[in-house]
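# Summary of structural features
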Amino acid sequence: LLSAATLMIAVLPLGAILAWVRLETGSIWPCIMVHAAWNAFINAGFTFATQKAHENIWIGENGILVVITLILAALFLSRTWKPASLSG
């Protein structure tokens, strides 16, 4: 239940980050590369580090610390990014 809840929370800031990448580059391919890198990093690094249930809650693919990091990254981008089309 916690994993499903954190997944639902994690997809929102990750989607915002991917939207930012798409708008900044004008192409979908960097988003594909970011998503592929995310999957490779999470599955290669975090899966082996989170073999116990109590570790998975914190640093697994949908871990609490991962979700917090995604939220902070999305907030940072939303505060600092000025779209070129709006900056005149």
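Above this text you will find the structure in question.
Our subject in this report is the structure included herewith. Keep in mind the model is a prediction, meaning the values are calculated, not measured.

Broken down by element type, the chain carries five helices and zero strands. Going from N to C terminus, the chain has its helices and strands arranged as α-α-α-α-α. Considering only residue pairs separated by 6 or more positions, the chain has 49% of its internal contacts joining residues 24 or more positions apart. Accessible surface, the chain as shown: approximately 6,200 Å² in total, 73% of it carbon and sulfur.

Now for the nonpolar core. Note on soluble globular proteins: their nonpolar side chains tend to be buried together. Counting 11 residues, the largest nonpolar core is built from Ala10, Leu14, Ile17, Leu18, Val21, Cys31, Val66, Val67, Leu70, Ala74 and Leu77. Broken down by secondary-structure element, the contributors of at least two residues to this core are α1 (2–25) and α4 (64–80). Beyond its immediate stretch of four places on either side in the chain, leucine 77 contacts Ile17 and Trp20.

Moving on, we come to the environment of asparagine 62. Mapped onto the elements of the fold, asparagine 62 is located in the loop between α3 (53–59) and α4. Taking the C-alpha atoms as reference, asparagine 62 lies 8.7 Å from alanine 5; in sequence the two are 57 residues apart. When near neighbours in sequence (up to four residues on either side) are disregarded, asparagine 62 contacts Ser3, Thr6, Leu7 and Val67.

A few words now on α1. In this model α1 runs 35 Å from its N-terminal to its C-terminal C-alpha over 24 residues, within 8% of the 34 Å that 1.5 Å per residue would give. Listed as buried for α1 are Thr6, Ala10, Pro13, Leu14, Ile17, Leu18 and Val21. Following α1 by one or two positions, glycine 26 has its phi on the positive side, about 75 degrees.

This brings us to the environment of alanine 4. Relative to the helices and strands, alanine 4 is located in helix α1. Here the alpha-carbon distance between alanine 4 and asparagine 62, two residues 58 residues apart in the chain, equals 8.1 Å.

Reading guide: rules and limits
Residues numbered from 1 in each chain as written. Predicted model: local features only at pLDDT ≥ 70, side-chain atom pairs only at ≥ 80, totals over all residues. Heavy atoms only, no water. Helix = DSSP H or I, 4+ residues; strand = E, 2+ residues; numbered from the N terminus. Contact = heavy atoms within 4.5 Å. Areas by Shrake-Rupley, 256 points an atom, 1.4 Å probe, with all protein chains shown as cover. Core = buried A, V, L, I, M, F, W, Y, C linked by side-chain atoms within 4.5 Å. Buried < 20%, exposed > 50% of the residue type's maximum accessible area, 1.4 Å probe, protein only. Expected span 1.5 Å × (residues − 1).

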